[in-house]
Amino acid sequence: MEKKLPTIEIVEKYCKGCHICVEFCPTKVLEMKGFVVAVKNLEACIKCMQCELRCPDFAIKVTP
Amino acid sequence: MAFDYDKYIRPGKLPHIWCPGCGHGIVMKGLIRAMDSLNLKKEDTCIVSGIGCASRLPGYIDCCTLHTAHGRAAAFATGVKMAKPEMNVILCGGDGDGTAIGGNHFIHACRRNINMTYIIMNNYIYGMTGGQFSPCTPTGAKASTTPYGNPDPGFDIAKLAIGAGATFVARGTAYHAAQIDKLIAEAIQHKGFSVVEILDDCPTTYGRRNKYRSVIDMMNRLKEVAVPVKAAEKMTAEQLEGKVLTGVLHKVEKPEYTEEYAKVIQRAQAAK
Ligand SMILES: Cc1ncc(C[n+]2csc(CCOP(=O)(O)OP(=O)(O)O)c2C)c(N)n1
Ligand code: SF4
Ligand code: SF4
Ligand code: SF4
Ligand SMILES: [Mg+2]
């Protein structure tokens, strides 16, 4: 069965580039692109939701 | 599904004013999830704060809100609760607001055991005014007013609340984001005065003075010092050195103030 990939939405106008989501993602899905976050490796996402929970700025939304 | 925070945020209010990596936003999101899990209605819920960065929180949430005077959230909130005992009253603010200028209001709200929930965001500093030390600043830490290190011991907010008579006391951290809503929801459901201390970070005025190179350093510190109460039971005093307990620390039943006050009204009317 094919693995269903999550959707990760970045709200760029809210992201303040604090690095929290990038640093604490257990599988290193995210990276910084300039001052805002970007998805680097969606396949690695284990849908733990920690990035969404920890983002202080409502800037990252994960739909598993 | 991603959690829909938008329905609880006042239109046009984001992005919020907090600095990059400030934990206050993480706490606000936890409060919103707690409100959602309990199905609290906007018109039946009032969030009351004092002054400070943490106290800006009610401005963002779409429900009844009061942004009051420095340290006075508990006084205003008590007024709201006495006038409308059926209202869910939630207080929030910082360590400075709650334990310095507002320390007296805080301990007396605990003593009264009035059915409200107080979320106190402890970043160990007066963030808003540029990093003066607060009663929670640890010994030795640097603040704009203690450039050679703070000689005072810091308050333990949870112990202060328990000592003053709060009937529910819990502690979490901004790093442990998934736990915040659960602690707040349990606190709101508790009948009596409940206190939820969230260990927080202020990278802008505390972090940079105290050798935290980044927000991540501060988050890692929260991750390392926190020990869940259950895990602590199996640890030695030595292992617990420098650690901070998290989870529900105290929960007891005692007469609740608005109910006791209703009895006073009945007695007074009967005596007429
Ligand atoms: C009566 C009064 N005194 C002093 C101030 C200045 N003041 C504003 S916020 C603040 C401290 C806030 O610290 P805290 O409650 O810890 O919130 P933080 O900014 O750290 O989130 C002070 C002293 C004020 N606004 N009003
Ligand atoms: S949901 Fe978990 S694994 Fe996926 S990007 Fe977020 S933190 Fe990483
Ligand atoms: S945690 Fe939020 S604000 Fe910080 S970098 Fe990630 S998306 Fe941006
Ligand atoms: S000064 Fe500190 S407490 Fe205030 S918003 Fe910035 S990081 Fe947060
Ligand atoms: Mg503070």
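Counting from 1, residues in each chain are numbered in the order their sequence is written. Chains and ligands are labelled sequentially in the order written, the chains with letters from A and the ligands with numbers from 1. It should be noted that, the model being predicted, local features are given only for residues of pLDDT at least 70 and side-chain atom pairs only at 80 or more, the latter also being counted only at that level, while totals for whole chains, interfaces and linings use all residues. Side-chain numbers come from the whole structure's heavy atoms, not from hydrogens or water.

What follows is about the site of ligand 3. In the vicinity of ligand 3, the residues found are Cys 15, Lys 16, Gly 17, Cys 18, His 19, Cys 21, Val 37, Cys 55, Pro 56, Asp 57 and Ala 59 of chain A. Here the shell around ligand 3 is composed, by residue class, of seven nonpolar, two polar and two charged. Residues are counted as near a molecule or strand when any one of their heavy atoms sits within 4 Å of it. Note that Gly is not counted as nonpolar here; it falls among the polar residues with everything else outside the nonpolar set of Ala, Val, Leu, Ile, Met, Phe, Trp, Tyr, Cys and Pro and the charged set of Asp, Glu, Lys and Arg.

Now for the interface of chain A and chain B. Interface size is often expressed as the accessible area that is lost when the parts come together. Each partner contributes to the interface: chain A provides 21 residues, whereas chain B provides 28 residues. Summed over both partners, buried area is the accessible surface (1.4 Å probe) that two parts give up on being assembled. Summing both partners gives a buried area of about 2000 Å² for chain A against chain B, and 67% of it is carried by carbon and sulfur. One speaks of a salt bridge when a side-chain nitrogen belonging to Lys or Arg is within 4 Å of a carboxyl oxygen belonging to Asp or Glu. For the pair chain A and chain B, the interface holds one salt bridge. Where Lys 61 of chain A meets Asp 6 of chain B, a salt bridge forms, and the shortest distance between an N and an O atom there is 3.8 Å. N or O atoms within 3.5 Å of each other form a polar contact, as long as, within protein, one can give a hydrogen and the other can take it, and as long as residues adjacent in sequence are counted only when both atoms are side-chain atoms. Here chain A and chain B share nine residue pairs in polar contact (both at pLDDT 80 or more) between them. Among the secondary structure elements, those contributing two or more residues to the side of chain A that touches chain B are helix H1 (20-24), helix H2 (50-54) and strand S4 (60-63) of chain A. For helices the rule is a DSSP run of H or I covering at least 4 residues; for strands it is a run of E covering at least 2, with both sets numbered from the N terminus onward. The leading source of residues in the side of chain A that touches chain B is H2 of chain A, at four residues. Within the side of chain A that touches chain B, the residues separate by chemical class into 11 nonpolar, three polar and seven charged. The contact definition used throughout considers only heavy atoms, calling two residues in contact when any of these lie within 4.5 Å.

We now examine the sheet that holds strand S2 (residues 64-67) of chain B. Residue and element names in this part refer to chain B. Sheet architecture is open: eight strands sit in the order S2-S1-S3-S4-S8-S7-S10-S9, paired in mixed fashion. The sheet terminates laterally at S2 and strand S9 (226-228), the two strands that pair on one side only. The average angle at which neighbouring strand axes cross in this sheet is 20 degrees, direction not considered. Pairing geometry for strand S1 (residues 45-49) and strand S3 (residues 88-94), over five bridges, is parallel. Looking at the pairing, Ile 47 lines up with Ile 90 of S3. Axes here refer to lines fitted to C-alpha atoms; in helices the fit is confined to the stretch in contact. Angles between the N-to-C directions go from 0 to 180 degrees. Sheet strands in contact with helix H5 (residues 157-164) are strand S4 (117-122), strand S7 (168-173), strand S8 (194-199) and strand S10 (244-251), and its direction is about 175 degrees off that of S7. Strand pairing requires that DSSP identify at least two bridges connecting the strands.

Residues and elements named next belong to chain B. The rule for donors is simple: N, O or S, within 2.8 Å of the metal, or within 3.2 Å if the metal is Na, K or Ca. Water isn't counted, so a site may look like it is missing partners. Protein ligation of the magnesium ion (ligand 5) involves Asp 95 (OD), Asn 123 (OD1) and Ile 125 (O), the donor distances falling in the range 2.1 Å. Spacing between the donor residues of the magnesium ion (ligand 5) along the chain follows D-x27-N-x1-I. With Asp 95 in helix H3 (residues 95-101) and Ile 125 in strand S5 (residues 125-126), this residue pair connects regions lying 30 residues apart in the sequence. Exposed residues in this analysis have more than 50% of their type's maximum accessible area, buried residues have under 20%, and partly exposed residues fall in between, with area computed by a 1.4 Å probe over protein chains only. Relative accessible area serves as the criterion here: at 1%, Asp 95 is assigned to the buried category.

A separate point is the UniProt feature "domain: Thiamine pyrophosphate enzyme TPP-binding" (unreviewed entry) in chain B. In the numbering used here, UniProt assigns the "domain: Thiamine pyrophosphate enzyme TPP-binding" (unreviewed entry) feature to residues 51-198 of chain B. Counting secondary structure, residues 51-198 of chain B comes out at 33% helix and 22% strand; the distance between its end C-alpha atoms is 17 Å. UniProt positions are given in the numbering used here, feature names are shortened, and annotations may be inferred rather than shown by experiment.

Right, let's get into empty space enclosed by the protein. Residue and element names in this part refer to chain A. Buriedness of a pocket was judged along seven lines, with at least five required to meet protein on both sides within 12 Å; pockets are open sets of points on a 1 Å grid over the protein atoms alone, cavities are sets where a 1.4 Å probe fits but cannot get out, and lining residues have an atom within 4 Å of a point. Grid points are joined across faces, edges and corners, and a volume is the space filled by probe spheres set on the points. Per the counting criterion, the structure on display carries five cavities of 30 Å³ or more. Empty space within the largest cavity amounts to approximately 110 Å³. Taken together, 15 residues make up the lining of the largest cavity; nearest its centre are Cys 15, Cys 18, Cys 21, Cys 55 and Ala 59. Looking at the lining of the largest cavity residue by residue, the class counts come to 11 nonpolar, two polar and two charged. Taken as a whole, the second largest cavity encloses approximately 80 Å³ of empty space. Around the second largest cavity, the lining is made up of 14 residues, and of these Cys 25, Cys 45, Cys 48, Met 49 and Cys 51 lie nearest the centre. A breakdown of the residues in the lining of the second largest cavity according to their chemical character gives 11 nonpolar, two polar and one charged.

For Ser 134 of chain B, the location among the structural elements is in the loop between strand S6 (132-133) and H5. With residues near it in sequence (within four places) discarded, Ser 134 of chain B still touches Asp 95, Gly 96, Tyr 124, Ile 125 and Tyr 126 of chain B.

The next thing to look at is the site of ligand 4. Residues and elements named next belong to chain B. Taken together, the residues surrounding ligand 4 are Trp 18, Cys 19, Cys 22, His 24, Cys 53, Asn 123, Gly 127, Cys 202, Pro 203, Thr 204 and Thr 205. Considering each element in turn, the shell around ligand 4 owes the most residues, three residues, to helix H7 (residues 203-207). Among the residues forming the shell around ligand 4, the class breakdown is six nonpolar, five polar and no charged.

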